[in-house]
Amino acid sequence: QVHLVESGGGLVQAGGSLRLSCEASGRTFGTYGMGWFRQAPGKERELVAGISRSGSTISYADSVKGRFTISRDNAKNTVYLQMNSLKPEDTAVYYCAATSSPIVTTPRFYNYWGQGTQVTVSS
């Protein structure tokens, strides 16, 4: 089992940047694929980015390609989401999640979740 804690959310103007961090408990972080999801009010939760256990496989939602970057540091048990050129439509609660599956592109395979961090982008 893994416990996830997100940080780094906040209020930013359109065009600005934020970096989210997610620290995981335990000594098995490197055995989990990791993902960042987001959920805006009235919308379904969507997978924003996923990264495999070693970091060799990365995927992004089309809406964030070229603006967001997911990375991980297995020595620090941490996964990051660098968000640049933020838009008001990026406003949402962002969740970190872990999967024991080697597949990081399928939302239903994620079985551990953080509590979420709010990102608000003003126009």
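In what follows, the structure referred to is the one given above.
Description of the structure in this document.

Analysis parameters
Residues numbered from 1 in each chain as written. Predicted model: local features only at pLDDT ≥ 70, side-chain atom pairs only at ≥ 80, totals over all residues. Heavy atoms only, no water. Helix = DSSP H or I, 4+ residues; strand = E, 2+ residues; numbered from the N terminus. Rg over C-alpha atoms; globule rule 2.2 N^0.38 Å. Buried < 20%, exposed > 50% of the residue type's maximum accessible area, 1.4 Å probe, protein only. Areas by Shrake-Rupley, 256 points an atom, 1.4 Å probe, with all protein chains shown as cover. Lys, Arg positive; Asp, Glu negative; His and termini not counted. Charge placed at Lys NZ, Arg CZ, Asp CG, Glu CD. Disulfide = S-S within 2.5 Å.

## Considering the overall build of the protein
Part 1 of the argument: The helix and strand tally for the protein stands at 0 helices and 11 strands.
Part 2 of the argument: Traced from its N-terminal end to its C-terminal end, the protein shows the element sequence β-β-β-β-β-β-β-β-β-β-β.
Part 3 of the argument: A compact globule built from 123 residues would reach a C-alpha radius of gyration of about 14 Å, and the protein, at 13 Å, matches this within 12%.
Part 4 of the argument: Put simply, the protein has 123 residues, and 45% of those count as buried.
Part 5 of the argument: Per element, the accessible surface of the protein, about 6200 Å² overall, is 48% carbon and sulfur.
Part 6 of the argument: Both charge centroids of the protein, one from 12 positive and one from 8 negative side chains, sit 5 Å from each other.

## A short note on unusual backbone geometry
Glycine aside, residues mostly have negative phi angles, and peptide bonds mostly take the trans form.
Part 1 of the argument: The phi torsion at Asn-77 lies on the positive side, around 55 degrees, for a residue other than glycine.
Part 2 of the argument: According to the relative accessible area criterion, Asn-77 is buried, its value standing at 16%.
Part 3 of the argument: The backbone of Ser-85 shows a phi angle near 50 degrees, a positive value even though the residue is not glycine.
Part 4 of the argument: Here Ser-85 is to be found in the loop between β8 (78–83) and β9 (92–99).
Part 5 of the argument: The class for Ser-85 is partly exposed, based on a relative accessible area of 42%.

## Some thoughts on the state of the cysteines
Part 1 of the argument: Using the criterion set out here, one finds 1 disulfide in the structure.
Part 2 of the argument: Two residues share a disulfide in this structure: Cys-22 and Cys-96, whose sulfurs sit 2.1 Å from each other. Here the S-S torsion is close to -75 degrees, and the disulfide linking Cys-22 with Cys-96 is therefore left-handed. With a gap of 74 residues between them, Cys-22 in strand β3 (residues 18–24) and Cys-96 in strand β9 connect regions that are remote in the sequence. With respect to class, Cys-22 is no different from Cys-96; both count as buried.

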